[in-house]
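Topology and contacts: notes
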Amino acid sequence: MAKIKRALISVYNKDGIIELAAALKKFGIEIISTGGTAKLLKENKIKVKEVEELTKFPEMMDGRVKTLDPAIHAGILAVRDNEQHLKEITAQKIEPIDLVVCNLYPFAKTIAKADVTLAEAVENIDIGGPTMIRSAAKNNNDVGVVVDPADYDQLLAQLKLGNGALTKSQKLKLAYKAFQHTAEYDQKIQKYLRKIVFKSKTEKMPEMISDHYDKKADLRYGENPHQKAAFYLEKEQHEASISNAEQLHGKGMSFNNINDTDGALELVKEFETKATAAVIKHANPCGIAAADNLKEAFIKAHAGDPLSAFGSIVAVNQKIDLATAVEIADQDKFIEVVIAPDYEPEALKILKERSKKMRILKTGALYRNQAQPGYSMKKVRGGLLVQTRDLAQTTAEDLEVVTEKKPTKAQIKDLLFSWKVVKHVKSNAIVMAKDEMAVGIGAGQMSRVDSMIIAGRKADGRQKDGVAASDAFFPFPDAIEKAAKMGIKAIIQPGGSIRDKEVIEACNKFQLAMVFTGKRHFRH
């Protein structure tokens, strides 16, 4: 292994750079540096050679050009066991550079400012830095490249073990991280400029998707024990989610825990004004209720289908108080995960004491970011299905009454409640509700009438004088007939079937009120 003799240091983020440079000097390494980095190192009594001494040119155009020179890049790119390369750089009086320590202008931080201009953003696009990093990473057989201050200690430890040298394996790993760094940097620029170029909200979907995800954790397994799995996070987070929730207690989250908890949290985000609790099993709600206080909401939600609630996920839209925590921690209720915006100290203490295994997650304030909603994605073999998120809202003013019988104010409240819930149930979906409580849910059936029958069976009589929501139109009147026989008094659905007239006639026959929303909420 060849010892490192010369290092080029050019960093925007100067955390730890003085200590690193001082340590490199102890290995007898000559340091070349640029601009502000060189100034800082000199101020701290670290001898450096400025880039201008190599290039014979001063920094130009406010620093836009300073390292884009053969004196730098030939020194980095020269292959050490290539006689012709060494002959050529010797003829030009260029010495090899064995280590590049570089990080880039803060483009992401710049564009995160609310009042950033395009000119300001463009000025923070680094050119020389990525070029040096790529040169060093390409020639990783001979050159080390470090882009992350968090790696400085490990670099020095490896140099100590190698008596001033790095192994080829170590340099290859550093190169991998360097290319990852520049790829992410370019991606941020591309995404920012895309927003500038395509301002219209009616624009087509992106021509290319290159979102960045970092591994948060390896999981024990996937949906099943024979599948490997890991959890990856988007680099940019714009609202409270399962991805940025803080785990306060319990075992590590499993693949299925994460998926189900995501569904539970997104469901309670629909409810902003009243205390709401949702109980989720296998990505479907088995219970959800809104009430004047959180304890009552949870009790009603769990009572929606207590049999299915065994081993469930619970999500709420308000801080969990002591009274609610006592109900959740009841030993007769086996709950895998609880997720909430926050917890009162005594509530958190009770939950931790009652269950050593229960996962307890905190999200912070819940809201849905309409300005930066992002996309919903589903992987298929060899491709990716991408769509905008289903954030559509329906109010009482949006409802079209299509039957002779009009819904009462109380029924409208329950219809809108059930409509929010059915959006989060696997299609074909039916939700029966009464007094802002889901009393029966039929999910994932191949026919809508079967979903109606299952919802009624789950409700077990509690649906009498209640309402029902259907995520899509009724293709035939048969489900209406079933609903009427079970005591349902009002129905909400999108409408749009070629048999709407027959369906409406069936409602009129059984004296049911029906409203159309004009929106469908399939969830597959």
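Model, not experiment: these values are computed from the prediction.

1. Some thoughts on the overall build of the protein chain
A count of helices and strands for the protein chain gives 18 helices and 21 strands. Since a compact globule built from 524 residues should have a radius of gyration of about 24 Å, the 31 Å found for the protein chain marks it as more spread out than a globular shape. Projected onto the principal axes, the alpha-carbon positions of the protein chain cover approximately 100 × 50 × 45 Å. Counting all 524 residues of the protein chain, 48% fall into the buried class. Long-range pairs, those at least 24 residues apart, make up 58% of the contacts in the protein chain between residues at least 6 apart in sequence.

2. Observations regarding helix H15 (residues 409-422)
Its 14 residues give H15 an end-to-end C-alpha distance of 20 Å, which sits within 8% of 20 Å, the value for a rise of 1.5 Å per residue. The set of residues buried in H15 consists of Gln411, Asp414, Leu415, Leu416, Phe417, Ser418, Trp419, Val421 and Val422.

3. With respect to the pattern of salt bridges
Tallied over the full model, the rule gives 24 salt bridges. Note that Lys362 and Asp342 form a salt bridge whose closest N and O atoms lie 3.7 Å from each other. Note that Lys362 is positioned in strand E13 (residues 359-362) and Asp342 in the loop between strand E12 (335-340) and helix H14 (345-354), a separation of 20 residues in sequence. Given a relative accessible area of 27%, Lys362 falls into the partly exposed group. A residue is classified by how much of its surface remains accessible, and Asp342, at 24% relative accessible area, is partly exposed. Here the salt bridges do not stand alone but share partners, grouping Glu239, Glu266, Lys269 and Arg389 into one network.

4. Points about the sheet that holds strand E4 (residues 99-102)
As a general point, the strands of a sheet are linked pairwise by backbone hydrogen bonds and lie either parallel or antiparallel. In spatial order, the strands read E3-E2-E1-E4-E5; together these 5 strands make up an open sheet with parallel pairing. Bordering the open sheet on either side are strand E3 (49-50) and strand E5 (144-146), each of which pairs with just one other strand. Sheet topology note: the E4/E5 ladder contains 3 bridges and is parallel. Paired with Val100 across the strands is Val145, a residue of E5. The strands that helix H8 (residues 128-138) touches are strand E1 (6-10), E4 and E5; relative to E4, the one it contacts most, it runs at about 145°.

5. Focus on unusual backbone geometry
Note on backbone geometry: most residues besides glycine have negative phi, and most peptide bonds are trans. Following Ser427, the chain continues into Asn428 via a peptide bond in cis, with omega recorded as -5°. Mapping Asn428 onto the fold places it in the loop between H15 and strand E17 (430-433). Residue Asp435 is not a glycine yet carries a positive backbone phi of 55°. Inspection of the secondary structure puts Asp435 in the loop between E17 and strand E18 (438-442). Although it is not a glycine, Asp460 adopts a positive phi angle of roughly 55°. Along the chain, Asp460 falls in the loop between helix H16 (448-459) and strand E19 (467-470).

Each value, and the rule that gives it
- All residue numbers refer to positions counted from 1 along the written sequence of the respective chain.
- Two thresholds apply to this predicted model, a pLDDT of at least 70 for residue-level local features and 80 or more for giving and counting side-chain atom pairs, whereas whole-chain, interface and lining totals are computed over all residues.
- To get the side-chain values, all heavy atoms of the structure are used, and hydrogens and water are removed first.
- Under the DSSP-based scheme used, a helix requires at least four consecutive residues in state H or I and a strand at least two consecutive residues in state E, with every element numbered from the N terminus.
- We compute the radius of gyration from the C-alpha atoms alone; for a globule the expected value is 2.2 Å times N to the 0.38, where N is the number of residues.
- The classification of residues rests on relative accessible area computed with a 1.4 Å probe and restricted to protein chains. Under 20% of the type maximum is buried, over 50% is exposed, and intermediate values are partly exposed.
- Pairs of residues are marked as contacts when any of their non-hydrogen atoms sit within 4.5 Å.
- Given a helix with a known number of residues, its expected span is that number minus one, times 1.5 Å.
- Throughout this description, the term salt bridge denotes a Lys or Arg side-chain nitrogen within 4 Å of a carboxyl oxygen of Asp or Glu.
- Two strands qualify as a pair provided that DSSP identifies no fewer than 2 bridges between them.
- To obtain each axis, a line is fitted to C-alpha atoms, and for helices this fit is confined to the stretch in contact; angles are then taken between N-to-C directions over 0 to 180 degrees.

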